[in-house]
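# Descriptive analysis of the structure
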Amino acid sequence: MKNERNVKGLLGTKLGMTQLWDANNKVVPVTVIEAGPCVVTQVRTPEKDGYSAIQLGFGAIKAKKVNQPAAGHFEKAGVTPRRHLVELRTSTASEFTLGQEVAADTFEAAEIVDVTGVSKGKGTAGVMKRHGFHGLRASHGVHRKHRSPGSIGQCSTPSRIFPGLKMAGRMGVEKITVQNLTIHAVDTERNLILVKGSIPGPKGSLVVIRTSAKKGS
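We now examine the overall build of the chain. The helix and strand inventory of the chain stands at three helices and twelve strands. Rg of the C-alpha trace for the chain: 23 Å, well past the compact-globule value of 17 Å for 217 residues, more than 25% over. With the C-alpha coordinates of the chain rotated into their principal frame, the extents come out at 70 × 50 × 40 Å. Residues counted as buried form 35% of the 217 residues belonging to the chain. Taking all contacts inside the chain whose residues are at least 6 apart in sequence as the whole, residues at least 24 apart take part in 72%. Surface accessibility of the chain: about 13,600 Å² in total, with carbon and sulfur atoms responsible for 51%. Computing the positive centroid from 32 side-chain charges and the negative centroid from 16, the chain places the two 17 Å apart.

Below is the structure:
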């Protein structure tokens, strides 16, 4: 396809946040990600699949916990079973081979990347915490409803609540992508990537790092 571009990507584990100092002796908050090593478990080509992409596997898992179709898939690739799989569409898919290992050295310092993860679960939350409502007045005349949403619609017309109305409910546990983050440093010996700023998800959660969609090549 003409709109395909060169995309680099890795799966990793969020280890937490810390702070470092840059060349100007300024404090830089960074998120530490244990990126890879990942293995290539499938290569898609335009001739066979209609598009170019690679499938990466990450995280060890016992063979007895993998079903037969997945076991056959990993055996065909010549790799041990992996817990997580992700597919990256890239124009350079033909340059990869089955079983090839992809590590943290895929990225370099100062590169711009997008990071995808699942946000922390907050449980059931009200409209003030979930959507940023300001609540009702905290003055005379207001009953004990200071954190309520207020009116949620008309009574007899239309006699229903419109879908999509912002109300209380489950908050968090959503797939979120933070774009245009800068890589502060890469530790190839320990497979660590230090990204400036925060990323979605709790410690130990799975994240996907890929070339920036807006500022990448």
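On we go from here.
What follows deals with the sheet that holds strand E5 (residues 82–89). Through backbone hydrogen bonds, the strands of a sheet pair up, either in parallel or in antiparallel fashion. Taken in spatial order, the four strands line up as E5-E4-E3-E6 in an open sheet, and their pairing is antiparallel. Looking at which strands have only one partner, the edges of the open sheet turn out to be E5 and strand E6 (101–102). With five bridges connecting them, strand E3 (residues 38–44) and strand E4 (residues 53–60) associate as antiparallel partners. Across the sheet, Val40 pairs through a bridge with Leu56, a residue of E4. This element, helix H2 (residues 68–77), spans E3, E4 and E5 of the sheet and lies at about 95° to E3.

Turning next to the pairing of strand E12 (residues 206–211). Pairing between strand E1 (residues 9–21) and E12: five bridges, direction antiparallel. In the sheet register, Thr13 faces E12, and the bridge partner there is Leu206. The pairing of strand E7 (residues 112–118) with E12 spans five bridges and is classified as antiparallel. Across the sheet, the residue bridging to Asp114 is Arg210, located in E12.

Counted under the stated rule, the structure contains four salt bridges. Of the charged contacts, one joins Glu87 and Arg44 as a salt bridge, the two residues approaching to 2.6 Å between their closest N and O atoms. Of this pair, Glu87 sits in strand E5 while Arg44 sits in strand E3; the two residues are 43 residues apart in sequence, bridging distant segments of the chain. Classification of Glu87 by relative accessible area gives partly exposed; the value is 31%. Between Asp187 and Arg190 there is a salt bridge whose closest N-O contact spans 2.8 Å. Residues joined in a network through salt bridges with shared partners are Arg44, Asp49 and Glu87.

The next subject is the layout of surface pockets. The method is simple in principle: a probe with the dimensions of a water molecule rolls over the atoms, and the space it marks as empty is what remains. As a volume, the largest pocket reaches approximately 200 Å³. The set of elements that each furnish at least two residues to the lining of the largest pocket consists of E3, helix H1 (46–49) and H2. Counted by class, the lining of the largest pocket contains three nonpolar, four polar and three charged residues. Looking at the second largest pocket, its volume works out to about 160 Å³. As for the second largest pocket, its lining consists of 16 residues, of which Lys8, Gly9, Phe96, Val102 and Thr106 are closest to the centre. Elements with a contribution of two residues or more to the lining of the second largest pocket: E4 and E6.

Calculation rules
- Residues numbered from 1 in each chain as written.
- Predicted model: local features only at pLDDT ≥ 70, side-chain atom pairs only at ≥ 80, totals over all residues.
- Heavy atoms only, no water.
- Helix = DSSP H or I, 4+ residues; strand = E, 2+ residues; numbered from the N terminus.
- Rg over C-alpha atoms; globule rule 2.2 N^0.38 Å.
- Buried < 20%, exposed > 50% of the residue type's maximum accessible area, 1.4 Å probe, protein only.
- Contact = heavy atoms within 4.5 Å.
- Areas by Shrake-Rupley, 256 points an atom, 1.4 Å probe, with all protein chains shown as cover.
- Lys, Arg positive; Asp, Glu negative; His and termini not counted.
- Charge placed at Lys NZ, Arg CZ, Asp CG, Glu CD.
- Pairing = 2+ DSSP bridges.
- Axes fitted to C-alpha atoms, helices over the stretch in contact; angles between N-to-C directions.
- Salt bridge = Lys/Arg side-chain N within 4 Å of Asp/Glu carboxyl O.
- 1 Å grid on protein atoms, 1.4 Å probe; cavity = no way out; pocket = protein on both sides within 12 Å on 5 of 7 lines; lining within 4 Å.
- Points joined across faces, edges and corners; volume = space filled by probe spheres on them.
- Nonpolar A, V, L, I, M, F, W, Y, C, P; charged D, E, K, R; others polar.

It is worth stressing that arrangement in space is one thing and function is another; only the former is reported here.
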